[in-house]
Amino acid sequence: MLRFAIKMMIGDRIKFLGILFGLIFSTFIITQQAGIFIGLMQRTYGFIADTSQPTIWVMDPEVQHVDDIKTMKATDLYRVQGIEGVQWAVPMYKGLIKARLPSGRYQICTVLGLDDASLIGGPPIITEGSIENLRAPNAVIVNQVGAQKKLSHKNPNNPSQTIPMQYGEVFEINDRRAQVMGFCKLTRTFFSHPVIYTTFSNAIDYAPKERNLLTFVLVHPEAGIKPEVLAKRIRKATGLGAYTSKEFKKLTIKYYMTETGIPVNFGVAVLLGFMIGTAIAGQTFYNFAHDNLRHFATLKAMGTTHRTITKMVLIQATLVAFLGWGIGIGLTALFGFISSSSELSFKMPWWLFVLSALSIFTITILAALISLRKILKSDPVVVFQQ
Amino acid sequence: MSKTIVTCNQLKKSYGDEKESRVVALSGLDLTVQAEELLMLVGPSGCGKTTLLSIMSGILTQDSGDCILFGHDLNKMKDDQKSALRKNKVGFVFQAFNLIPMLSALENTTIPLILNGFDPQEANSIAAKLLTRVGLGSRLDALPSHLSGGEKQRVAICRGCIHKPGLIVCDEPTSNLDHQTGIQVLKLLKELAISEKSALVIVTHDPRIFDFADRLLHMDDGRIVREETNGT
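Quick caveat, the model's predicted, so the values are computed rather than measured.

## Focus on the overall build of chain A
Now for step 1: Within chain A one finds 12 helices and 12 strands.
Now for step 2: For 386 residues, the compact-globule estimate of 2.2 N^0.38 gives 21 Å, and the C-alpha radius of gyration of chain A, at 30 Å, exceeds that figure by more than 25%.
Now for step 3: Across its three principal directions, the C-alpha atoms of chain A cover 95 × 60 × 30 Å.
Now for step 4: The buried share among the 386 residues of chain A stands at 49%.
Now for step 5: Carbon and sulfur atoms make up 60% of the accessible area of chain A, which totals about 18000 Å².
Now for step 6: For chain A, the separation between the mean place of its 39 positive charges and that of its 24 negative charges on side chains is 13 Å.

## Looking at the interface of chain B and chain A
A common way to state how big an interface is: give the accessible area lost once the parts meet.
Now for step 1: With 29 residues of chain B at the interface, the matching set in chain A holds 24 residues.
Now for step 2: For the chain B and chain A pair, buried surface summed over both sides reaches about 2500 Å², with 66% attributable to carbon and sulfur atoms.
Now for step 3: Across the contact surface, chain B and chain A share two salt bridges.
Now for step 4: Where chain B meets chain A, there are five residue pairs in polar contact (both at pLDDT 80 or more).
Now for step 5: Within the residue set of the side of chain B that touches chain A, elements represented by two or more residues are α1 (49-56), α2 (79-89) and α3 (105-115) of chain B.
Now for step 6: Looking at the side of chain B that touches chain A, the element that brings in the most residues is α3(B), giving six residues.
Now for step 7: Counted by class, the side of chain B that touches chain A contains 16 nonpolar, seven polar and six charged residues.

## Thoughts on the sheet that holds strand β10 (residues 223-229) of chain B
Residues and elements named next belong to chain B.
Now for step 1: With mixed pairing, six strands are arranged side by side in an open sheet as β6-β7-β8-β3-β9-β10. The open sheet has two edge strands, β6 (90-93) and β10, and neither has a second partner. The mean inter-strand angle of the sheet, taken between neighbouring strand axes irrespective of direction, is 20°.
Now for step 2: One ladder, built from four bridges, connects strand β3 (residues 38-42) with strand β8 (residues 199-203); its direction is parallel.

Here is what the cut-offs are and how they apply
- Residue indices follow the written sequence of each chain, beginning from 1 at its first position.
- Note on labels: chains are lettered from A, ligands numbered from 1, in written order.
- Selection of residues for local features in this predicted model requires a pLDDT of at least 70, selection of side-chain atom pairs for listing and counting requires 80 or more, and totals for whole chains, interfaces and linings are taken over all residues.
- Side-chain calculation: all heavy atoms of the structure are included, whereas hydrogens and water are not.
- Counting from the N terminus, the helices are the DSSP runs of H or I reaching at least four residues and the strands are the DSSP runs of E reaching at least two.
- Here the globule rule reads 2.2 Å times residues to the power 0.38, and the radius of gyration is calculated from C-alpha atoms.
- Residue burial is assigned from relative accessible area. The probe radius is 1.4 Å, only protein chains are included, and a residue is buried under 20% of its type maximum, exposed over 50%, and partly exposed in between.
- Each accessible area is a Shrake-Rupley estimate made with a 1.4 Å probe; only the visible protein chains count as cover when residues are assessed.
- This count recognises Lys and Arg as positive and Asp and Glu as negative, with His and chain-terminal groups excluded.
- All charge positions are set by atom: Lys at NZ, Arg at CZ, Asp at CG, Glu at CD.
- Contacts between residues were defined by any pair of non-hydrogen atoms, one from each residue, lying within 4.5 Å.
- Here's the idea: put two parts together, see how much 1.4 Å probe accessible area each one loses, and the total over both is what we call buried area.
- The term salt bridge refers to a side-chain nitrogen of Lys or Arg lying within 4 Å of a carboxyl oxygen of Asp or Glu.
- Under this definition, polar contacts are N or O atom pairs within 3.5 Å; protein pairs additionally need one hydrogen-donor-capable and one acceptor-capable atom, and for neighbouring residues in sequence, both atoms have to be side-chain atoms.
- Amino acid classes used here: Ala, Val, Leu, Ile, Met, Phe, Trp, Tyr, Cys and Pro are nonpolar; Asp, Glu, Lys and Arg are charged; the rest, including Gly, are polar.
- Here, a strand pair is defined by DSSP locating no fewer than two bridges between the strands.
- Axis definition: a line fit to C-alpha positions, over the contact stretch in the case of helices; interaxial angles, taken between N-to-C directions, run 0 to 180 degrees.

Here it is, written out as C-alpha cells:
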C-alpha cells in the first residue's frame, strides 16, 4: 500500500508540485538566511581566527568585542610578562587610521602593529613578500582584498578600470610614509576596511598621538599550563580582561547577538521561511488530503486500517519532505557557490543541514498530521454518496 | 442447505440529533442474506437502502438491533476487527466506481489482494487474469480517466470480487451506464459472484436489471414492505 501511497501523491501533479514548491522555498529561505547569519557571525571574529599564535588575549577589561578598541598602559605589558606561567607576552596595536593614497584619496584602514622583535600576530597567509619584510623602514603588508578594492586607484588611461595597489608602492598613513612590502590573505571581517600590518613601533608612529597605545597583549602559556587557568590568573593579578582565543570569539559573538539587531533581523527571516513553508505545504497537503478523502474512505471501506492509512500519509509526507529539503539544500549550496566570490558572507556548517532537515520534516509532519486527522475522522459511508 | 451470510434483527437507524430534524432511515428491519444469493434492494430515494447496505457491510453502526455478518455480531466488534472482516470477506462495487485516479486499472484491482497480504507480483498476475477475463486485457495500464464508464465499472467489479469475498455489496452499479452496458455489467457481476459462491446484495433503482435477482426486497420508510422471489 505504501507504493500506492507514493503513486497517489505523485499522480496528483499540481498538488505535488505545490507542496514541493512550499518546502523548497522554505528550505531555501531557512538555510540561506541562516547561512548568511552564520557567515556574518564568523566574520565578527575573523581577526581572532587569523591571529593563531597567541592562546590568550589580554585587553582593557571594558572591551566588549574584537573591534572595540580601548587601550592599556604600556606598563601593562610588563605586568603580564611578570605573571607566573607566561612563556611569552608581546604587544599589539590595533587602530583605525586614515591613509592617503598616491591619487590623493583618503581611506580609513585597520592598522595592526606587531611586536618588533618576534612579529607575533602576523597574517596567516602571505601571498607576496615575507613577514620579515616588515623589518624594513616604514614597511607594511596589506591584505589582498583591500589592495584590490579600496586601496586601488583608477587607471589614468581608462578611468573605468582600477589598478590594485602594487608591491613597492608608497603612500601615507597619517602623514607618514608607508611602503607596501607584501600582501596577505585574511578572513573577511565584519568591517570591510583594508588591513595594514606593520611593526608595533611603526604603528605607534602612524597612530594619532595618545597617552596609551597598547591595544592587546598576546600571551602564550608555559608548557603544561592550561590557557583558561592562565587567563584567569592574569585577570586576577592585573584586573585586565584576559581571554583565551575561544573565549574572546564567544565574547565577540555575544556582543553582536545581544547588542545589535542582526540576530533578530535574520531570525525573523528564518521564522518567516518556516511559517511560509508551513502555510504553503500545510495548506496544499490539507487540500490534497481533502480532495482524496473519497479515495481514502474507499480504502477504509475496503478494510484498510487506520494504522495503514497513517503509514500511507506519513510516507507521502516523508517523500515530499525529503525531495523538498534536498532540492532546497541544493539551491542554497548553489547560492553559496555563486556568492563565494562576492562580499556576501555565507557559511553552511554541517549542523545547518541537520537543523534545516529537522525544520522541514517538522513542517511536513505537522501538515500531514493535520490532514491525517481529517482523513481518519472521515466517515467511510461517504463511499456510497454520489 | 445454504449458509447464512447476513442476519439483521430489528435494525434501527436515524440521522440528526434534534427531534424535529431527525430522519429515520431504518425502523426495525429484519433481513437475512444467504450464500450464492442475488438479493436486490429497491425502493424510493431515502427509504434506507444505502443505510442498510452500509450497516450490513460493517461501515456504519446501527442505533439498535443486531447485525450478524459471517457469524460475527457487528455490535460487539471493534473498528479494527470490522476492518479486518471487510478486508477478508466483503467486496464493494460503487455507483461512482470509486477507482483511485492515480492508479492503473491493474493496480486498482490488486488493492484487496495487497490489503490481504498478497505478494505484489502474485496480486498483479491474478488481477491481470481477471481483467483479461472481463475483456480488459489490453487496458491493464490505463488510468481510470482513460477508461469508459463500462470499463471503469468492470474494473470496479473485478476489484470487488478479486479476493473471493463471501459477500459483495453493490450500490447502484448500473445507474451510470447505458442500457446495454448495464446488462453486460450485471451479467458479469453475477457470473463472477456465482463462480466464487458469494452472496450479492445490490441496491438499485434500475428496473431493467430486476430479472437478475433471486430475491427482490421493496423498501419504504425504513422497512421491507414487499418481497418477491424469482418467478413470482
